[in-house]
Amino acid sequence: MAEDFTGKAGIVTGGGSGIGRAAAIRFAEAGAKVVIVDVDEDGSNATKAMIDQLGGEATCVLADVSQEAAVENMVAQTIATYGKLDFAFNNAGIAGDIVPLIDYTEDLWDRVIGINLKGVWLCMKHQIRQMLDQGENGAKDGNGGGAIVNTASIMGLVSSATNPVAYTAAKHGVVGITKSAALGYAEAGIRVNAVCPGYIMTPLVADIFERHPERKAAIVADHPIGRLGTPEEIAAAAVWLCSDAASFVNGTAMTVDGGYVAH
Ligand SMILES: NC(=O)c1ccc[n+]([C@@H]2O[C@H](COP(=O)([O-])OP(=O)(O)OC[C@H]3O[C@@H](n4cnc5c(N)ncnc54)[C@H](O)[C@@H]3O)[C@@H](O)[C@H]2O)c1
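As a starting point, this report considers the structure included with it. Values in this document were obtained by computation on a predicted structure and should not be read as measured data.

Neighbouring residues of the ligand: 29 residues in total, closest Ser17, Asp38, Tyr167, Ile200 and Thr202. One nitrogen or oxygen atom from the main chain of Ile19 is found 2.8 Å from an oxygen atom belonging to the ligand. Asn91 places a polar main-chain atom, nitrogen or oxygen, 2.8 Å from an oxygen atom of the ligand. Coverage of the ligand by the protein chains reaches 92% of its 830 Å² of free accessible surface. Listed by contribution, the elements that provide at least two residues to the shell around the ligand are α1 (18–29), α5 (165–185) and α6 (203–211). If one sorts the elements of the shell around the ligand by residue count, α6 sits on top with three residues.

Disulfides are covalent bonds that link the sulfur atoms of two cysteine residues. With the rule as written, the count across this model stands at zero disulfides. The closest cysteine sulfur to the non-disulfide-bonded Cys123 is located on Cys242, 13 Å from its own sulfur. With no disulfide partner, Cys196 has as its closest neighbouring cysteine sulfur the one in Cys242, 14 Å distant.

Before going further, it helps to spend a moment on the environment of Ala188. Relative to the elements of secondary structure, Ala188 occurs in the loop between α5 and β6 (190–197). Overall, Ala188 belongs to the buried group, its relative accessible area being 11%.

On to the pairing of strand β2 (residues 33–38), then. Consecutive side chains along a regular strand alternate between the two faces of the sheet. Of all six residues making up β2, five are buried, and the element is well covered by its neighbours. In this structure, strand β1 (residues 9–13) lies alongside β2, joined through five bridges in parallel fashion. Across the sheet, Ala9 pairs through a bridge with Lys33, a residue of β2. Chirality of the crossover, the property in question, places the unit of β1, α1 and β2 among those that are right-handed.

Tracing the backbone through its elements, the reader meets Gly135 in the loop between α4 (106–134) and β5 (146–151). Residue Gly135 is classed as buried on the basis of its relative accessible area of 7%. Residues Gly135 and Cys123, 12 residues apart in the sequence, show an inter-C-alpha distance of 19 Å.

With parallel pairing, seven strands are arranged side by side in an open sheet as β3-β2-β1-β4-β5-β6-β7. Here the strands that pair on one side only, and so sit at the sheet edges, are β3 (57–62) and β7 (253–256). For this sheet, the mean angle separating the axes of adjacent strands, direction not counted, is 20°. This element, helix α2 (residues 41–53), spans β2 and β3 of the sheet and lies at about 175° to β3. Sitting on the sheet, α5 touches β5, β6 and β7, and the angle it makes with β6 is about 160°.

On to the pairing of β6. In terms of residue burial, β6 counts as a mostly covered element, since eight of its eight residues are buried. Burial along β6 is two-sided: the residues Ile190, Val192, Ala194 and Cys196 and Arg191, Asn193, Val195 and Pro197 are all buried. Where β5 and β6 come together, six bridges link them in parallel fashion. Note that in β6 the partner of Gly146 across the bridge is Ile190.

Cut-offs applied
Residues numbered from 1 in each chain as written. Predicted model: local features only at pLDDT ≥ 70, side-chain atom pairs only at ≥ 80, totals over all residues. Heavy atoms only, no water. Near = heavy atom within 4 Å. Polar contact = N/O pair within 3.5 Å; in protein donor to acceptor, adjacent residues only side chain to side chain. Areas by Shrake-Rupley, 256 points an atom, 1.4 Å probe, with all protein chains shown as cover. Helix = DSSP H or I, 4+ residues; strand = E, 2+ residues; numbered from the N terminus. Disulfide = S-S within 2.5 Å. Buried < 20%, exposed > 50% of the residue type's maximum accessible area, 1.4 Å probe, protein only. Pairing = 2+ DSSP bridges. Right-handed = clockwise from strand over helix to strand, strands pointing away. Axes fitted to C-alpha atoms, helices over the stretch in contact; angles between N-to-C directions. Contact = heavy atoms within 4.5 Å.

See below:
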């Protein structure tokens, strides 16, 4: 692997499953100290055990990314454990029920937007504060540097007739706030990008296929490459975007989708 995160520490939200788990493992394999953040304690512990087995370094923090106090504590715990924050992969998210726009409920809208959009903003708010504060070599010079990647989706760039409205809205919002943050903090040396996965075989998608088996063939066919992606393929992009190899990449929404949005 080309990326070297030796001596670096960072956060992966949604690290207890799917894409987040694959990314946490890949960051650790590249030498990073990883804080696995999730609401799922068992999933987080399982990811940590996998990293331990590889001889990597990880710790778990339970946090609901839609709650500001929990997010603030997540960053504080990272600093208490590893002393700094070099990178973050803000990836926690839910699909929510797949119902038509006219049947979508206010509660579901608030839940999906709360986790998938507000959660990304809250994470960036407290991570960027920390990155600005720590500065070069811990000096409080307000020019800390750092790299953040947010998980959007192909549904942050396009939509489909059946994609739930709040999910599409949240992921378009993630692309938007990624650009805002990238522009706002570029001069401080902080890069912010988004990754836009196509359909990836994770528990999130397995659940969609279980509830709507009739949709599977059409969804696979929408990917010109002829298959769904793997969590590792998204993890590779996220780790690269956080690495020094991507030092001139800022404010982008990178598709990793087998060609889905190229149609
Ligand atoms: N799987 C796909 O096809 C796909 C495609 C595009 C985008 N995404 C996005 O990728 C991200 C990861 O999805 P995945 O497919 O790995 O799903 P997943 O369900 O396997 O993992 C998501 C993880 O996020 C955690 N989580 C949920 N709500 C949380 C909260 N409030 N606070 C903290 N953690 C929380 C879950 O417990 C779970 O461990 C999501 O943002 C999702 O929208 C997934």
